[in-house]
Amino acid sequence: MDGIAPEPLIVLLAGGICTYIVFLFLVASKQDPREPPNAPSGIPVIGHVIGLMRSKFNYYVQLSHQSIAPIFTMTMPGQKMYIVTTPDLIQDIQKRPKTLAFPPIEAKFATTVCGASAEAHNILLKNVNGDEGDWGLSMDSYSAMRAALLPGPGLDEMNRLMIQNVAASLDSLIPNGKKTTTMKLSAWLRRTVTAATTNSVYGPQNPFKDPEIEDCFWQFEHDLMSILVGILPSIMARKGLAARAKVAASFETYFKNKGHEQSSMLMKNRYEASAKNGVSVTDIARYEVGGAIALLVNTAPAVFWMVLLLFAEPELLEDIRKEVEAIMETTTDQDGKTIRSLDITNVKTNCPLLTSAFQESLRYRTMGTSIRQVMEDTVLDGKWLLKKDAMVQMPSRVIHTDASIWGEDVNTFNARRFMKDAVPKTPNGKRPNPTAFRAFGGGTTLCPGRHFATNEILAVVSMFVVRFDMKPVSGSWALPKTDHTNVAAVVMEPDTDIEVEVSPRKGFEEGRWAFGLRDSKMIFAVVHEDKDV
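Residue positions within a chain follow its written sequence, with the count starting from 1. At least 70 in pLDDT is required for a residue's local features to be given in this predicted model, at least 80 for side-chain atom pairs to be given and counted, and no such filter applies to totals for whole chains, interfaces and linings, which use all residues. No hydrogens and no water enter the side-chain calculation; it runs on all heavy atoms of the structure.

Asker: Please explain unusual backbone geometry as it appears in this structure.
Answerer: Glycine aside, residues mostly have negative phi angles, and peptide bonds mostly take the trans form. Even without being glycine, N127 reaches a positive phi, approximately 50°. Phi at K258 takes a positive value of approximately 65°, unusual for a residue other than glycine. As for its position among the elements, K258 is in the loop between α13 (238–256) and α14 (265–276). Each residue's exposure class comes from its accessible area (1.4 Å probe, protein chains only) as a fraction of the maximum for that residue type: buried when under 20%, exposed when over 50%, partly exposed otherwise. For K258, a relative accessible area of 44% translates into the label partly exposed. Helix and strand assignments come from DSSP, with helices taken as H or I runs of at least 4 residues and strands as E runs of at least 2, each series counted from the N terminus.

Asker: How should the packing of helix α5 (residues 103–114) against helix α6 (residues 118–125) be read in this particular structure?
Answerer: Angle between the axes and distance between the axes are the two parameters that describe a pair of packed helices. Helix axes use the C-alpha atoms of the stretch in contact, all axes being lines fitted to C-alpha atoms, and the angles between their N-to-C directions lie in the range 0 to 180 degrees. Here α5 crosses α6 at 165°, and the two axes come no closer than 10 Å. The angle between α5 and α6 places the two elements in the roughly antiparallel class. Of the two possible hands of crossing, α5 and α6 adopt the one that is right-handed. Together, A107, K108, A110 and T111 of α5 and H121, L124 and L125 of α6 make up the contact between the two elements. Under this scheme an angle from 65 to 115 degrees is roughly perpendicular, one under 35 degrees roughly parallel, and one over 145 degrees roughly antiparallel; angles in between are oblique. In this scheme, a crossing is called left-handed if the near helix is turned counterclockwise away from the far one by less than a right angle; it is called right-handed if the turn is clockwise. Pairs of residues are marked as contacts when any of their non-hydrogen atoms sit within 4.5 Å.

Asker: Whenever I open this one, the environment of L89 confuses me. Can you help?
Answerer: With respect to the helices and strands, L89 occurs in helix α4 (residues 87–94). Separated by 234 residues in sequence, L89 and E323 have C-alpha atoms that sit 38 Å apart.

Asker: Is there a simple way to explain the sheet that holds strand β10 (residues 391–395) in this structure?
Answerer: The pairing of strands in a sheet happens through backbone hydrogen bonds and is either parallel or antiparallel. Following DSSP output, two strands are said to pair if at least two bridges run between them. In spatial order, the strands read β1-β2-β10-β7-β3; together these five strands make up an open sheet with mixed pairing. One side of each edge strand has no neighbouring strand; the edge strands of this open sheet are β1 (71–76) and β3 (100–101). The sheet contact formed by β3 and strand β7 (residues 369–374) spans two bridges and is antiparallel. In the strand pairing of β7, A101 is matched with Q373.

Asker: Please clarify how the sheet that holds strand β11 (residues 468–472) should be interpreted in this entry.
Answerer: If you walk across this open sheet you meet the three strands as β4-β12-β11, and the pairing is antiparallel. Strand pairing shows two members of the sheet lacking a second neighbour, β4 (181–184) and β11, which therefore form its edges. Averaged over all neighbouring strand pairs, the angle between strand axes comes to 30°, with direction disregarded.

Asker: Is there a simple way to explain α4 in this structure?
Answerer: An α-helix turns once per 3.6 residues; consequently, residues spaced three or four apart project the same way. A large share of α4 lies buried, amounting to six of its eight residues. Buried residues of α4: P87, L89, I90, D92, I93 and Q94, and no others.

Asker: Sorry, what's going on with the nonpolar core here?
Answerer: One recurring pattern in soluble globular proteins: nonpolar side chains tend to sit buried together. Residues belong to a common nonpolar core when they are buried Ala, Val, Leu, Ile, Met, Phe, Trp, Tyr or Cys residues joined through side-chain atoms within 4.5 Å. The biggest cluster of nonpolar side chains holds 143 residues, and the ones touching the most others in it are F217, L310, L354, F440 and F464. With near-sequence residues (within four places) excluded, L310 lies in contact with L316, L317, I320, L354, A357, V461 and V465.

Asker: Looking at this structure, how should I read the state of the cysteines?
Answerer: Linking two cysteines covalently through their sulfur atoms gives a disulfide. Two cysteine sulfur atoms form a disulfide, by the criterion used here, when they sit within 2.5 Å. Scanning the entire structure with this criterion turns up zero disulfides. C114 provides the cysteine sulfur closest to C216, a residue in no disulfide bond, and the two sulfurs are 16 Å apart. Looking at C216, the relative accessible area reads 11%, which means it is buried.

Asker: It is not clear to me how the side chain of S250 should be interpreted in this structure. Could you clarify?
Answerer: Here S250 is to be found in helix α13. Overall, the relative accessible area of 17% leaves S250 in the buried class. Those residues in contact with S250 that sit more than four places away from it in its chain are P207 and I213.

Asker: Is there a simple way to explain the environment of I320 in this structure?
Answerer: Tracing the sequence through the fold places I320 in helix α17 (residues 314–326). Taking the relative accessible area as the measure of exposure, I320 reaches 0% and is therefore buried. Linking I320 and V466, residues 146 residues apart in sequence, is a C-alpha distance of 8.8 Å. Not counting chain neighbours up to four residues away, the residues in contact with I320 comprise L310, L353, L354, A357 and V465.

Asker: Just to check I follow, could you spell out the pairing of strand β13 (residues 512–516) for this structure?
Answerer: Consecutive side chains of a regular strand alternate in pointing toward one face of the sheet and then the other. Residues W513 and F515 of β13 are buried on one face, while the alternating residues R512, A514 and G516, pointing to the opposite face, are not. Here strand β6 (residues 338–343) runs beside β13; their pairing, made up of five bridges, is parallel. Paired with S341 across the strands is A514, a residue of β13.

Asker: Help me understand the packing of aromatic side chains in this model?
Answerer: Only centres within 6.5 Å qualify two rings of Phe, Tyr or Trp (six-membered ring in Trp) as a pair; their planes then separate them into stacked at under 30 degrees, edge-to-face at over 60, and tilted for everything else. Within this structure, the stated rule accounts for 20 aromatic pairs. Ring geometry for W188 against F464: centres 6.0 Å apart, planes inclined by 45°, an arrangement best described as tilted. Within this pair, whereas W188 is found in helix α9 (residues 185–202), its partner F464 is found in helix α22 (residues 450–467), the two being separated by 276 residues in sequence. An identical accessibility class is assigned to W188 and F464; each is buried. Pairing F304 with W305 gives two aromatic rings, centres 5.0 Å apart and planes at 70°, and the pair type is edge-to-face. Members of the aromatic cluster, each reached through a chain of ring pairs, are Y202, F208, F217, W218, F220, F251, Y254, F255 and Y271. Cation placement over rings: the criterion is NZ of Lys or CZ of Arg within 6 Å of the ring centroid and within 35° of the ring normal. Directly above the aromatic system of W406 lies the positively charged group of R363, at a separation of 5.7 Å from the ring centroid.

In structure tokens:
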């Protein structure tokens, strides 16, 4: 055969790739003395890549312990990143949404994650950062979501449907005629949260009612890292891409059948924002697959950790049950049967230990990272130069594990940490800076679904703990490892499930349960920004 033999060709190709990587590294590693100091790396060029692959979200924590500066530089092949480790600097960044921006990053990855067309991507890029005013698909989509998810009629409707679905799942948890049931805790919670959330958002024609579509979505979520990396995705993420295509096709059918017209305000607003900007139905469906990630990926594991942590501490569980029972109303119907009623609004306002445990479980188990793109050279705090086109990362894990903020018990679950009368264990004896709680991000990208997520988590947990006893089949509680947490997650995902035996609580076996929510005007201010509302 003419030409170059296979072995030398492979060597030349490998050499070319290495040379290109080194070139990208040299371009990215040019350092202005005013920039944040470089993070140490034992291996040139790819050291940080290897560190992230090995330690994942904990790698930022490891680097922060080696740096005395509140911000440091990580140089990756072809990309410079600044890692911010203090609440004060994060607040400074959040005040600069145009120069340190998130929408351009979201647009960059939307096509890859959702598989949208080049035409839809170009529509999304128009005025993506709102520099020319509040118009365009990006700005309209943000406004559409915020309007639907703020306390008001739209959120109330979603909350009530969600609670009805959760209550139905609890009613059917133990089969008729049985006193106990054995189940995989994480799997059951994921099914329950998926059904409750998607039914409340998508309405009667919810595509997730089809078990195959639900399974396909989670297969897509499982392969998301391989899809994002983009190295031979047709091979490395073959199942995920096929699953994504099926979910997108089901959404396209949903939209063509006008399913969104019977859905929540959130879904109606999102559809109208896309259609108004000329996005095709096919691409609206593709983008909705990405929208489902935000709806589903974090709530189920958040409930899992909170339930597990409460049941692992019997005295804490008993105290929380007493709180919930104190606001529960017990009546009888005309046949003399007991009716126990619980309003989730009262849970948010009258159960300080439960809500503190909720916040603490998020602090303890979240690992999300807020990201910004530097749109122009910017100086932080009068001294740190951020160069245009670099990325800024604000890992919540670094903030949430900082003993100088939270105290000497930072690495343990302390359910009373967020209670008003809790004694701070911080070095200065003061309460932690409220802006240090980063479970929902902050600034202009503060999670718009935080109120719905809070209601859902508190509803599932309060309804479950007051109705059921639970014990691990293995005989003892243990926290699963989280090494395989997905790239899209904000809350750590358990690597393994826990098999549990569930039974009705003694004294609560008989009667009927009624759960509700009056309205969303009385919010639980889980983040600092909501305390000013």
